[in-house]
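Summary of structural features
Listed below are the residues making up each chain.
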Amino acid sequence: MKEKTKEICVLGGLYFVIGYIIDLVDGFASNLSMIFDIFFVILFFMILFGKKIAFLRKVINKFPKLSVYLYYIGLVGYVLFAFNLLVLGAAEFISLSEKAQMYISIGVATINIVGVLLALILATRNVFLRCKFKIEAE
């Protein structure tokens, strides 16, 4: 189970980083973004149901420090995704004033920024302070 969790988090980290870069390009990348999203969901469920993904294991073995960063970005990204879904989904169905919706959006954006910074700080701590946490693929 631990290995599967590590692979899912590293996959999530790759997804969130590459998805952010694709969103920056914006123009022609909307179709590319949709294809990338579908590809991610397929890989996510393949890992979830026990299939080993070769390129993901190669990334983990070849770039161990980058894998730690991707792990934490993926882990925090999943938590923030669930939080955003719960808060913004509920706020969508509750009749709130425009001002209240704006404050909720700003609060969620702030929490997202703090979460990303937290992920980078935790990863940097583990990479450079030599903690006992290691990501290794079999």
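Residues numbered from 1 in each chain as written. Predicted model: local features only at pLDDT ≥ 70, side-chain atom pairs only at ≥ 80, totals over all residues. Heavy atoms only, no water.

**Comments concerning helix H5 (residues 98–128)**
Note the threshold: Runs of E in the DSSP output that reach at least two residues are strands. Runs of H or I that reach at least four are helices, and both are numbered from the N terminus. A helix is expected to span 1.5 Å multiplied by its residue count minus one. Two residues form a contact once any of their heavy atoms are found within 4.5 Å.
End to end, H5 covers 45 Å across 31 residues, agreeing with the expected 45 Å (1.5 Å per residue, within 8%). Taken together, the buried residues of H5 touch helix H4 (64–93).

**Some remarks on helix H1 (residues 2–25)**
Counting along an α-helix, one turn takes 3.6 residues, and residues three or four places apart therefore face a common direction. Between its first and last C-alpha atoms H1 spans 35 Å; for 24 residues at 1.5 Å apiece the expected length is 34 Å, and the two agree. Downstream of H1 by a residue or two, Asp 26 has a phi angle that is positive, lying close to 60°.

**Notes on a nonpolar patch on the surface**
Spelled out, the test is: The patch calculation keeps residues exceeding 30% relative accessible area without a salt bridge and links them within 9 Å when they carry like charges or within 5 Å when they are nonpolar (Val, Leu, Ile, Met, Phe, Trp, Tyr). Per-residue and other accessible areas were derived by the Shrake-Rupley procedure at a 1.4 Å probe size, with only the shown protein chains allowed to occlude residues. Salt bridge, as applied in this entry: a Lys or Arg side-chain nitrogen positioned within 4 Å of an Asp or Glu carboxyl oxygen.
Together, Val 17, Ile 18, Tyr 20, Ile 21, Leu 24 and Val 25 give the surface a local cluster of nonpolar side chains, amounting to about 560 Å² of exposed area. As for its position among the elements, Tyr 20 is in helix H1.

**Concerning the packing of H4 against H5**
Defined as follows: Axes here refer to lines fitted to C-alpha atoms; in helices the fit is confined to the stretch in contact. Angles between the N-to-C directions go from 0 to 180 degrees. Just so you know how the angles are binned, under 35 degrees is roughly parallel, over 145 roughly antiparallel, 65 to 115 roughly perpendicular, and the rest oblique. Left-handed describes a crossing whose near helix is turned anticlockwise from the far helix through less than a right angle; right-handed describes the clockwise counterpart. In this count, Pro and Cys sit with the nonpolar residues alongside Ala, Val, Leu, Ile, Met, Phe, Trp and Tyr, while Asp, Glu, Lys and Arg are called charged and the others, Gly among them, polar.
Direction vectors running N to C along H4 and H5 enclose 165°, while the axes themselves pass 9 Å from each other. Judged by the inter-axis angle, H4 sits roughly antiparallel to H5. Classified by chirality, the crossing of H5 by H4 is right-handed. For the contact of H4 with H5, the per-class residue count stands at 20 nonpolar, six polar and one charged.

**Comments concerning the side chain of Glu 7**
Residue position: Glu 7 is located in helix H1. Filtering out sequence-adjacent residues up to four positions away, Glu 7 remains in contact with Ile 47, Lys 52, Leu 56, Arg 57 and Ile 60.

**A word on the nonpolar core**
Where we set the bar: Throughout, nonpolar core names a set of buried Ala, Val, Leu, Ile, Met, Phe, Trp, Tyr and Cys residues whose side chains join them through atoms within 4.5 Å. Think of it in three bands: with a 1.4 Å probe and only protein chains considered, a residue is buried below 20% of the maximum accessible area for its type, exposed above 50%, and partly exposed in between.
With 23 residues, the main nonpolar core has Val 10, Leu 11, Ile 47, Leu 56 and Tyr 72 as its most contacted residues. If you list the elements that add at least two residues to this core, you get H1, helix H2 (29–48), helix H3 (54–62), H4 and H5. Of the residues forming this core, the biggest block, seven residues, is contributed by H1.

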